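Survey of secondary and tertiary structure
Spelled out, the chains give:
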Amino acid sequence: MTDVVKNMGFWVSVKDFSFSPSEISLIVGDWITFENMGQNVHKVAEGKWESPDLLPSTYGGGQTYQKIFDKIGDFKVIDPYYDNMFIKVRVVKVRDYGMY
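Everything quoted here is computed from the prediction, not taken from an experiment. (Residues numbered from 1 in each chain as written. Predicted model: local features only at pLDDT ≥ 70, side-chain atom pairs only at ≥ 80, totals over all residues. Heavy atoms only, no water.)

Comments concerning the nonpolar core
Judged by nonpolar contacts, the single largest core of 18 residues is most densely connected at Phe34, Phe69 and Val89. Of all the secondary structure elements, the ones that give two or more residues to this core are strand E1 (9-15), strand E3 (23-27), strand E4 (31-36), strand E8 (73-78) and strand E9 (86-92). Top element by residues in this core is E9. It accounts for 3 residues. Excluding its chain neighbours within four sequence positions, the residues that come into contact with phenylalanine 34 are Val12, Val14, Phe19, Val44, Trp49, Leu54, Gln63, Thr64, Tyr65, Lys67, Val77 and Ile87. (Core = buried A, V, L, I, M, F, W, Y, C linked by side-chain atoms within 4.5 Å. Buried < 20%, exposed > 50% of the residue type's maximum accessible area, 1.4 Å probe, protein only. Helix = DSSP H or I, 4+ residues; strand = E, 2+ residues; numbered from the N terminus. Contact = heavy atoms within 4.5 Å.)

Structural data, given as structure tokens:
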């Protein structure tokens, strides 16, 4: 019998001058949906990729950008419009559910 690994999606809020959560762990193939929940235009970027501008909304959530993480490693995803605004993303091969 072969174990089947189901990939998961995670939601990250981009608001004013921070990401929430500020750190996240994924397995290869998981994705993050970044949603602008603030009142300013935001963007997310890391290395060779960058989202388009994520426009805010005055009535709930703003625009979103979805990114699949397909490489193992530690990544610092930033908002290039705001200094010191970032989220730490750790991508591993196997999900750690802890000890039972």
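Let us keep going from here.
Digging into the environment of valine 14
With respect to the helices, strands and loops of the structure, valine 14 is situated in strand E1. On a C-alpha basis, the gap between valine 14 and glutamate 35 in space is 5.7 Å, while along the polypeptide they are 21 residues apart. With near-sequence residues (within four places) excluded, valine 14 lies in contact with Phe19, Phe34, Glu35, Asn36, Met37, Gly38, His42, Val44 and Met85.

Some details on unusual backbone geometry
Along the chain, serine 20 connects to proline 21 via a cis peptide bond; the corresponding omega equals 5°. Residue placement: proline 21 occurs in the loop between strand E2 (18-20) and E3. Even without a glycine there, the phi angle at aspartate 16 is positive, about 50°. Note on placement: aspartate 16 falls in the loop between E1 and E2. Positive phi, close to 65°, is recorded for asparagine 84, a residue that is not glycine. As for its position among the elements, asparagine 84 is in the loop between E8 and E9.

A short note on the side chain of lysine 43
Within the secondary structure, lysine 43 is located in the loop between E4 and strand E5 (45-46). Among the polar contacts listed, one links the side chain of lysine 43 to the side chain of glutamate 50, at a separation of 3.2 Å. Discounting residues that sit within four places of it in the chain, lysine 43 has contacts with Glu50, Ser51, Pro52, Asp53, Ile78, Asp79, Pro80 and Tyr81. (Polar contact = N/O pair within 3.5 Å; in protein donor to acceptor, adjacent residues only side chain to side chain.)

Some details on the sheet that holds E1
Within a beta sheet, neighbouring strands are joined by backbone hydrogen bonds and run either parallel or antiparallel to one another. Strand order across the open sheet formed by 4 strands is E2-E1-E4-E7, with mixed pairing between neighbours. Bordering the open sheet on either side are E2 and strand E7 (64-68), each of which pairs with just one other strand. Going from strand to strand, the sheet's axes swing by 25° on average, the running direction of each strand aside. Bridge count between E1 and E2: 3 bridges; the pairing is antiparallel. Across the sheet, the residue bridging to lysine 15 is serine 18, located in E2. (Pairing = 2+ DSSP bridges. Axes fitted to C-alpha atoms, helices over the stretch in contact; angles between N-to-C directions.)

These figures capture arrangement, not role.
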